Amino acid sequence: MRIGWSSKLINVALLIGLLVQLALKVESQESAVTSALPHSAHQSSEEQSANRLPAVHLDGTYFVHDGKRFLPVGAHWVPAKTAMEWPTEWDPKDIDADFAKMHELGYSIVRFDMLWAWFEPRPDDYNPTAFQQLDYLVSLAHKYKIYLHPSLFIGGEVGEAFWDVPWRLGRNPQSNPDMLRLESNLAAEFGKHYANETAIIAWDLTDEPPFWIVDNQTTDSIAINWTHLIVDGIRKYDKLHPIVVGTSGQEIDHGPFRADDIAPFVDFFSVHPFTLYAPELFPDPLLSGRGTYGAAFEIALSHGAGRPVMIHEMGASTAQFSPERVAAYDRAQMYSGIGAGAIGVDLWCYTDASPEQFRKAPYLRTPQETGWGMTTWDRQDKPLAREFKKFAAVTRQLDLSGVAPAPADIGIIIPDEWAKPHGDFSHFGLSGPASIPYVSTNDGDAIPGGTQRTEGDAAANEWLMGSALTSFILARQASLKADFPREYDDWTGRPMIFLPSPITSTGDVFLAHVHSDFYEKAEKYVGGGGFLYASVASDGAIPEMSSLFGARLVDRITSSEVTLKFVAPFGDFKPGDTLHYTVPSASTKSWGALLEVTSGKIVAVDQDNHPALVTNTVGSGKTLLCAYPIEHYLANVPSVFDKPENTHRIYAAFRDWARIRPLFSSDQPAVEISALRGDHRGYAILVNHSSEVQNINVLSSLPLHSIREIDPTGAKSIPLAHSRWQMQIDPYNAAVVEWQQ
């Protein structure tokens, strides 16, 4: 088509006009950013230096600034009025007001999203306005003393939304070579700009990978390679800031970004314990005895991969649950989490969405996302804000110097097949070149470029995680601390090792059970003075079982109901006492095992008078064997820990028989007690996981000299008599007690 000269001149004029408008818009944004800089930006260099946040590093246990350990606490920031469009609808005065409100609430950290497309609108072409906006946030961080925790390469955030880059063109950002190059380059650009910026506490590589738009394509190897490349990009210039990947549910779902896969590259792990989105593990109301253990469980599970753990996102929406219940839910989990060793708490999220956001995606399509804030959209405190202020005031008073989470009493073994990346044959016992290659029906795809097979993994993982969570809670109810060492780690230093079914099972889905040679190591452990508990189902298989447990497997027991009746004293059980269970499925993973007792002693029988609980002595150690997968049973009963339930008494009886004395114990199983221990001092953190007021008696195995309760207003002495004290804890509330020897 031919165009006349006049038309061409008109088109040129229009183009020039558009370019001028674009330049004016960019200049206007840059001017808005510059003019919005707080007074500190115009101070002398000496004044700015005096007002700057000190640099932060990790010492392997906690964050440190100015030579002192601290717990950063805060929430994720998504502005109420502009939501995820805040970079393009830039309102510096409103942002300043948000930071002022966060400061009032006691924040020392804020996590937020760095939208990839805004920073890199075209491949390898970076937006200077985006960096100027980040500089403005840095200035606010110094002004309000709130550390920034930027989350890079955002994919999914807020509801069902995926925040894409316009030039992705269907490529997988976590495996495509061109996308990987661009991401590592942008990571290096962030590192170059902010290598020495003390207002940044840590880099978060992304929020909740795998990217939602391609998550069914991500393998273990893809997750490992992506993390490695992006970390290397940052580390090209930035040696200061710790690095994390903001993962959600990757451990409990056995996802490719689970802690064991990314541990070699990151400095700490994160958990997003949204129990309401995991009903297969938490078949309970939001506020429940099992649900409020979600954070502590995920922290312990992740920490088993060898890095400290931070709570990154947690909470619930007041569009679905009452504000008071959301506040109680978060309160219990925050305290339980720091008792489990959390190095910080960052909730989801700072504010509710404004009503204007209800009319547009993603809030239009996800009503539950509108009410997650601790404040309303117009910065009014919700009940969670009031509880958070108290929590922040308490954590500010903690002196964490020389303090660390107390060692575990119980190690719940995590099978190597679950922890290792897919395709790792290093523990297969094969050595040297093989003329006849070993090929597994489960791992036959584990060659470069092969498709990762996952048949049956989801069901096996749910089975394993359900029992592990149940065992974790039962241990806490028995005043014992449990952690999750991996099968090939050195777990022998723990006084007790627990193997709840399916860890003792067998079958083609290997990730749920330990290897055959584990039991040889277990027998040496027990013979040397260790204490081993195991429960089995009808699919159990334990080599040389009789020498370890004093009993052997004979056959399966099919039943729909199980009753354990004690026939000998055991702990506080007396002959004739019973425990009752409903079998969740007519399957080998739920049925029990018929035992033939050899050297062991029967302490309880089942409904048909078959051996159900068998004790045995091996060398200087002891074992306890349960013929039924009782942890699996409890995992499948909704609200089981909100009803009268006494299975923890089995754990407590084994504890007493083994003469294990917890650092702190309670006479009320609903109250969890964790310890942060230093040299002749530390903290006991007590959390009531029930809906009832608990009047408790606490006993310590330490020779305590004095104790004080830390509350938001300061420290108050508590009467102490022979390392015992009494206190009252309200429903789903907590207490922090400082102790001195």
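This section reports on the structure supplied with the text. Note that the coordinates shown come from a computational prediction; the quantities given were computed from them, not determined experimentally.

Cut-off values and rules
- Residues numbered from 1 in each chain as written.
- Predicted model: local features only at pLDDT ≥ 70, side-chain atom pairs only at ≥ 80, totals over all residues.
- Heavy atoms only, no water.
- Helix = DSSP H or I, 4+ residues; strand = E, 2+ residues; numbered from the N terminus.
- Rg over C-alpha atoms; globule rule 2.2 N^0.38 Å.
- Contact = heavy atoms within 4.5 Å.
- Areas by Shrake-Rupley, 256 points an atom, 1.4 Å probe, with all protein chains shown as cover.
- Patch = residues over 30% accessible without salt bridge, like charges linked within 9 Å, V, L, I, M, F, W, Y side chains within 5 Å.
- Salt bridge = Lys/Arg side-chain N within 4 Å of Asp/Glu carboxyl O.
- Buried < 20%, exposed > 50% of the residue type's maximum accessible area, 1.4 Å probe, protein only.
- Pairing = 2+ DSSP bridges.
- Axes fitted to C-alpha atoms, helices over the stretch in contact; angles between N-to-C directions.
- Phe/Tyr/Trp six-rings, centres within 6.5 Å; stacked < 30°, edge-to-face > 60°.
- Core = buried A, V, L, I, M, F, W, Y, C linked by side-chain atoms within 4.5 Å.
- Expected span 1.5 Å × (residues − 1).
- Polar contact = N/O pair within 3.5 Å; in protein donor to acceptor, adjacent residues only side chain to side chain.
- Left-handed = near helix turned anticlockwise from the far one by under 90°.
- Nonpolar A, V, L, I, M, F, W, Y, C, P; charged D, E, K, R; others polar.

### Things to note about the overall build of the protein
Here comes step 1: From N to C terminus, the protein includes 17 helices and 31 strands.
Here comes step 2: Taking 2.2 N^0.38 as the reference for a compact globule, 741 residues should give roughly 27 Å; the C-alpha atoms of the protein span a radius of gyration of 28 Å, in line with that estimate.
Here comes step 3: In terms of overall dimensions, the protein has a C-alpha envelope of 100 × 70 × 45 Å along the principal axes.
Here comes step 4: Sequence-distant contacts in the protein: of pairs separated by 6 or more residues, those separated by 24 or more amount to 77%.
Here comes step 5: When the accessible surface of the protein is summed, it comes to about 29,100 Å², and 52% of that surface belongs to carbon and sulfur atoms.

### Some thoughts on a nonpolar patch on the surface
Here comes step 1: Nonpolar side chains collect at one region of the surface, where F425, L430 and Y438 lie side by side and expose about 310 Å² of accessible area between them.
Here comes step 2: Tracing the sequence through the fold places L430 in the loop between α12 (416-419) and α13 (457-477).
Here comes step 3: Overall, the relative accessible area of 58% leaves L430 in the exposed class.

### Quick notes on the side chain of S501
Here comes step 1: Assignment of secondary structure puts S501 in the loop between β15 (496-499) and α14 (518-527).
Here comes step 2: When sequence neighbours within four positions are dropped, the list of residues in contact with S501 reads W463, S467, S535, V536, A537 and P629.

### Overview of the sheet that holds strand β27 (residues 694-700)
Hydrogen bonding along the main chain pairs the strands of a sheet, whether they run parallel or antiparallel.
Here comes step 1: Pairing within the open sheet is antiparallel, and its three strands lie in the order β24-β27-β30. Lying at the two open borders of the sheet, with one neighbouring strand each, are β24 (664-666) and β30 (724-729). For this sheet, the mean angle separating the axes of adjacent strands, direction not counted, is 30 degrees.
Here comes step 2: As defined by bridge partners, β24 adjoins β27 across three bridges and the pair is classed as antiparallel. Across the sheet, S665 pairs through a bridge with L699, a residue of β27.

### Points about the packing of aromatic side chains
Here comes step 1: Throughout the structure, instances matching the rule amount to 43 aromatic pairs.
Here comes step 2: When the centroid spacing of 5.6 Å and the interplanar angle of 40 degrees are considered together, the rings of F131 and F190 count as tilted. Placement of F131 in helix α5 (residues 128-144) and of F190 in helix α6 (residues 177-194) is noted, with a sequence separation of 59 residues between them. Both residues of the pair, F131 and F190, count as buried.
Here comes step 3: Measuring from centroid to centroid gives 5.9 Å for F190 and W203, while their planes differ by 40 degrees, and the two rings are tilted. Taken together, the positions of F190 in helix α6 and W203 in strand β7 (residues 203-207) put the pair 13 residues apart, joining distant regions of the chain. In this structure, F190 and W203 share a single accessibility class: buried.
Here comes step 4: Among the aromatic residues, ring-to-ring pairing joins W77, W86, W90, F99, F112 and Y136 into one connected group.

### Section: the nonpolar core
Here comes step 1: Grouped together as the largest cluster of nonpolar side chains are 215 residues, with contacts concentrated most on F99, L137, F472 and I650.
Here comes step 2: Residues within four places of F99 in sequence aside, it is in contact with V110, L137, L140, A141, Y144, I146 and L148.
Here comes step 3: Grouped together as the second largest cluster of nonpolar side chains are 20 residues, A684, L686, L702 and V737 included.

### Remarks on α5
Here comes step 1: The end-to-end C-alpha distance of α5, which contains 17 residues, comes to 25 Å, matching closely the 24 Å that a straight helix rising 1.5 Å per residue would cover.
Here comes step 2: With 13 of 17 residues buried, α5 is to be regarded as a mostly interior element.
Here comes step 3: One side-chain oxygen at the N-terminal end of α5 lies 3.0 Å from the backbone nitrogen of T129; it belongs to N127.
Here comes step 4: Taken from the residues just after α5, K145 is the one with a positive phi, measuring 60 degrees.

### Digging into the environment of A475
Here comes step 1: Relative to the helices and strands, A475 is located in helix α13.
Here comes step 2: Overall, A475 belongs to the buried group, its relative accessible area being 1%.
Here comes step 3: Sequence separation of A475 and V536 is 61 residues, and the distance between their C-alpha atoms is 18 Å.
Here comes step 4: In this view, A475 contacts I410, L480, A482 and Y651; residues no more than four positions away in its chain are not counted.

### Comments concerning the packing of α6 against helix α7 (residues 220-235)
Each pair of packed helices can be summarised by the angle the axes make with each other and by the distance between the axes.
Here comes step 1: Viewed as axis vectors pointing N to C, α6 and α7 meet at an angle of 35 degrees, and their least axial separation amounts to 6 Å. At the point where α6 passes α7, the crossing takes the right-handed sense. Packed against α6, whose contacting residues are L180, E183, S184, A187, A188 and G191, the element α7 presents W226, L229, I230, G233 and I234 at the interface.
Here comes step 2: Among the residues making up the contact of α6 with α7, the classes are represented as seven nonpolar, three polar and one charged.

### Remarks on α13
Here comes step 1: When the terminal C-alpha atoms of α13 are compared, their 30 Å separation across 21 residues agrees well with the 30 Å that a helix rising 1.5 Å per residue should span.
Here comes step 2: The element α13 is largely enclosed, with a buried count of 18 among its 21 residues.

### What to know about unusual backbone geometry
Here comes step 1: Here W348 and C349 are connected by a cis peptide whose omega angle stands at -5 degrees.
Here comes step 2: Along the polypeptide, C349 turns up in the loop between β11 (345-347) and α11 (383-396).
Here comes step 3: Of note, the phi angle at D124 is positive, near 65 degrees, even though the residue is not glycine.
Here comes step 4: Counting through the fold element by element, D124 comes out in the loop between α4 (116-119) and α5.

### Digging into the sheet that holds strand β14 (residues 482-483)
Here comes step 1: Within the open sheet, the nine strands sit side by side as β14-β13-β15-β16-β23-β22-β21-β18-β19. Their pairing is mixed. The sheet terminates laterally at β14 and β19 (578-582), the two strands that pair on one side only.
Here comes step 2: Two strands pair when backbone bridges link them, and strand β22 (residues 611-618) and strand β23 (residues 621-626) are joined in this way by six bridges, in the antiparallel orientation. Within β23, the residue paired with V614 across the bridge is L625.
Here comes step 3: The strands that α13 touches are β13 (410-412), β14 and β15; relative to β13, the one it contacts most, it runs at about 170 degrees.
Here comes step 4: Where helix α17 (residues 648-657) meets the sheet, its contacts fall on β15, β16 (531-535), β18 (561-566), β19, β22 and β23, and the angle it forms with β23 comes to roughly 160 degrees.

### As for the pattern of salt bridges
Here comes step 1: Going through the model one piece at a time under the given rule, you end up with 38 salt bridges.
Here comes step 2: Linking E313 and R111 is a salt bridge whose minimum nitrogen-to-oxygen distance equals 2.9 Å. You can see E313 sitting in the loop between β10 (309-311) and α10 (323-339) and its partner R111 sitting in strand β5 (residues 109-113), a full 202 residues away along the chain. Each member of the pair, E313 together with R111, is buried.
Here comes step 3: Taking the shortest distance from any N to any O, the salt bridge between D381 and K389 comes out at 3.0 Å.
Here comes step 4: Residue K389 is classed as partly exposed on the basis of its relative accessible area, which comes to 30%.

### Here we look at the environment of L115
Here comes step 1: With respect to the secondary-structure elements, L115 resides in the loop between β5 and α4.
Here comes step 2: With 227 residues separating them in the primary sequence, L115 and A342 have C-alpha atoms 27 Å apart.
Here comes step 3: Residues within four places of L115 in sequence aside, it is in contact with M84, P87, I154 and W163.

### A word on the environment of D215
Here comes step 1: With respect to the helices and strands, the residue D215 is situated in the loop between β7 and α7.
Here comes step 2: With a relative accessible area of 41%, D215 lands in the partly exposed category.
Here comes step 3: Taking C-alpha positions, D215 is 9.2 Å from N172, a pair spaced 43 residues apart along the chain.

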